[in-house]
Every structure is written in C-alpha cells, then in structure tokens.
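# Summary of the model geometry
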Amino acid sequence: QVQLVESGGGLVQAGGSLRLSCTASGRTFSSAAMGWFRQAPGKERQFVAAISGGDPYIYYADSVKGRFTISRDNPKNTAYLQMNSLKPEDTAVYYCAARSFYSIGVAEKLYDYWGQGTQVTVSS
C-alpha cells in the first residue's frame, strides 16, 4: 500500500522559514513526479510546486516563486519543500502528492497519491 507522510509543519512568525518533508513508502517514486499543494481555510486546494522524475524539471506557483524551493532525495524516497520568507497568507494545510508518471502537473487530478497534510501557520 502506497503511503505519503508529510512532516515539518508548525507555527512560525512572518519572515521565518520551515522545511516540509514527504516520505513515500510502498513503492519507489524516483522516476515519478511529486508535488506540493496547499489549502487555506475556506479556499480550494491550490498548486504550490512540483518536481519531475528523472532529470528534474521544477515548476512553482507565482505566489511562492523565489521564496520556496522543492527538492527530492531519491534514495530516501523523500521530497522536500523549503519555505523561506513566509507570509501570513502562506497559512494553510500543505499536502504532498505523487504521480505515476515522470512529468509534472499543476492539476490535482493528475496526482494519484496524497498525504494526509501538515498544518503551516504563519503569524504576523
């Protein structure tokens, strides 16, 4: 059974940093794209960042470009989201997702596996 488990969320002041981790089990994701999404209270879940399998191609939402960095450690079957210069509007539940294909996508429906989410709260 495939599982994605996120960790690293928490409460941080504006301008601070957090690093989220997403560890996969049940299969190897080294050749699969992985992504991060977030959902703020009362809003729809939105794309944050994605990294392809193989020779990595990376794509960010405009709202996080220059502040967030997605990466992966294939031997550890883990993806990361380094979040710097956090703003109160970054407050949300952050979800890790994985595809069954190497190419990235920004749409939720393209992802086959999801984690349970981790809360990130940024205070002003």
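About the cut-offs
Residues numbered from 1 in each chain as written. Predicted model: local features only at pLDDT ≥ 70, side-chain atom pairs only at ≥ 80, totals over all residues. Heavy atoms only, no water. Helix = DSSP H or I, 4+ residues; strand = E, 2+ residues; numbered from the N terminus. Polar contact = N/O pair within 3.5 Å; in protein donor to acceptor, adjacent residues only side chain to side chain. Contact = heavy atoms within 4.5 Å. Disulfide = S-S within 2.5 Å. Buried < 20%, exposed > 50% of the residue type's maximum accessible area, 1.4 Å probe, protein only. Phe/Tyr/Trp six-rings, centres within 6.5 Å; stacked < 30°, edge-to-face > 60°.

Along the polypeptide, T91 turns up in the loop between β8 (78-83) and β9 (92-98). Reaching out from T91, the side chain makes a polar contact with the backbone oxygen of P88 at a distance of 2.9 Å. There is a polar contact of 2.9 Å between the side chain of T91 and the backbone nitrogen of V122. Once residues within four sequence positions are removed from consideration, T91 is found in contact with A40, Q119, V120, T121 and V122.

This part is about the state of the cysteines. A full pass over the atoms with the stated rule returns one disulfide. With a sulfur-sulfur separation of 1.9 Å, C22 is cross-linked through a disulfide to C96. Handedness here is read from the sign of the S-S torsion; for C22 and C96, about -70°, the answer is left-handed. Note that C22 is positioned in strand β3 (residues 18-25) and C96 in strand β9, a separation of 74 residues in sequence. Assigned by exposure class, C22 and C96 land together as buried.

On to unusual backbone geometry. One non-glycine residue with positive phi stands out, namely N77, at about 55°. With respect to the helices and strands, the residue N77 is situated in the loop between β7 (68-73) and β8. Phi angles above zero are rare outside glycine, and S85 is one such case at about 50°. For S85, a relative accessible area of 41% gives the class partly exposed.

This brings us to the packing of aromatic side chains. Summed over all chains, the structure comprises six aromatic pairs. On the basis of an interplanar angle of 75° and a centroid distance of 5.6 Å, the ring pair of F29 and Y113 is categorised as edge-to-face. Taken as a pair, F29 in the loop between β3 and β4 (34-39) and Y113 in strand β10 (residues 113-114) lie far apart in primary sequence, 84 residues in all. The class of Y113 is partly exposed, set by a relative accessible area of 24%.

Such coordinate-based values are descriptive only and should not be taken to indicate function.
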